[in-house]
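Report on the structure
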Amino acid sequence: MAFYNYCIDLSWQVAWFYYGDYDISVIREASKFARASTECNFDELNYILTLSRDLKLRKVYRDFFNHELTALIREKYNYIKHRGTLHFKGLGVQYDYLGISFGNERIPMLVNEEIDIESWKNKFTREILNKRN
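Residues numbered from 1 in each chain as written. Predicted model: local features only at pLDDT ≥ 70, side-chain atom pairs only at ≥ 80, totals over all residues. Heavy atoms only, no water.

**Structural notes on the confidence of the model for the protein**
Note the cut-off: pLDDT: the predictor's confidence for each residue, scored from 0 to 100. Here a strand is any run of E in DSSP of at least two residues, a helix any run of H or I of at least four, and the numbering for each starts at the N terminus.
Confidence in the prediction for the protein averages 85 pLDDT; 98% of positions are at 70 or higher. Across the protein, the secondary-structure element scoring lowest on mean pLDDT is helix α7 (residues 117–132), at 80, and the one scoring highest is helix α5 (residues 55–66), at 92.

**Overview of unusual backbone geometry**
Phi angles above zero are rare outside glycine, and R53 is one such case at about 60°. Its location among the elements puts R53 in the loop between α4 (42–51) and α5.

**Concerning the state of the cysteines**
Let me state the cut-off plainly: A pair of sulfur atoms, both from cysteines and within 2.5 Å, is called a disulfide here.
Inspection of the entire model under this criterion finds 0 disulfides. Cysteine C40 shares no disulfide, and the gap to the nearest cysteine sulfur, in C7, comes to 14 Å.

**Concerning the packing of α4 against α5**
How we decide: Every axis corresponds to a line fitted to the C-alpha atoms, with the helix fit spanning only the stretch in contact, and the corresponding angles, defined between N-to-C directions, vary from 0 to 180 degrees. We call two directions roughly parallel when the angle between them is under 35 degrees, roughly antiparallel when it is over 145, roughly perpendicular when it lies between 65 and 115, and oblique otherwise. Helix crossings fall into two classes, left-handed where the near helix is turned counterclockwise from the far one by less than a right angle and right-handed where it is turned clockwise. It only takes one pair of heavy atoms within 4.5 Å for two residues to be counted as in contact. Gly counts as polar in this scheme, as do all residues outside two lists: the nonpolar Ala, Val, Leu, Ile, Met, Phe, Trp, Tyr, Cys and Pro, and the charged Asp, Glu, Lys and Arg.
Closest axis-to-axis distance for the α4/α5 pair is 9 Å, and the angle between their directions is 160°. What the angle tells us is that α4 and α5 run roughly antiparallel. Both α4 and α5 take part in a crossing whose hand is left-handed. From α4, F42, L45, N46, L49 and T50 reach across to α5, where they touch L57, R58, Y61, R62 and F65. Taken together, the residues that form the contact of α4 with α5 break down as 6 nonpolar, 2 polar and 2 charged.

**Some thoughts on the packing of helix α1 (residues 2–19) against helix α6 (residues 68–83)**
Viewed as axis vectors pointing N to C, α1 and α6 meet at an angle of 120°, and their least axial separation amounts to 9 Å. By the angle between their directions, the pair α1 and α6 is classed as oblique. As for the relative orientation of α1 and α6, their crossing is left-handed in sense. Counted together, A2, Y4, N5, Y6, I8, D9 and W12 of α1 and T70, I73, R74 and Y77 of α6 form the full contact between these two elements.

Put into C-alpha cells, the structure is as follows:
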C-alpha cells in the first residue's frame with residue numbers, strides 16, 4: 001500500500017516541479033527541495049495547472065485522483081499509517097491478545113482490518129484490462 005501511495009504522490013510532484021516557479025537549484029539543494037515539496041498537494045497542483053492552462057493534464061490528474069482504486073489505496077495507506085498494520089487473509093493468524101500480560105490482565109491487540117489479497121489482485125487486474133480495452 002505504501003509503495004502505491006508513494007507513486008501516487010510522486011506522480012503529482014513531477015507536474016508540481018515542472019509547472020511550479022522553481023529554478024534548477026530546487027533539485028540541487030535539499031532545503032529548497034524540502035520546502036517546495038511540502039507545498040505540493042493536489043489542490044495546489046490543480047491551481048497551477050489551471051493557471052498554466054494545461055486543462056488536459058489537469059483532467060488526467062483529477063480523473064486519476066477521483067478514481068475509486070486511487071481512493072481505496074489512499075484509504076488503506078492512511079489506515080496503515082495511523083493504525084500500524086493490516087491482516088492479510090491466509091497469511092497467518094490474527095491474534096486477539098498480545099503475547100504478554102500485565103499482572104493477570106491479558107492485553108488485547110488492536111483489531112486489524114482484514115485484507116483479501118485475491119480481491120485486491122482482481123481489482124488491479126480488472127483495472128489493467130479496462131485500460132487495454
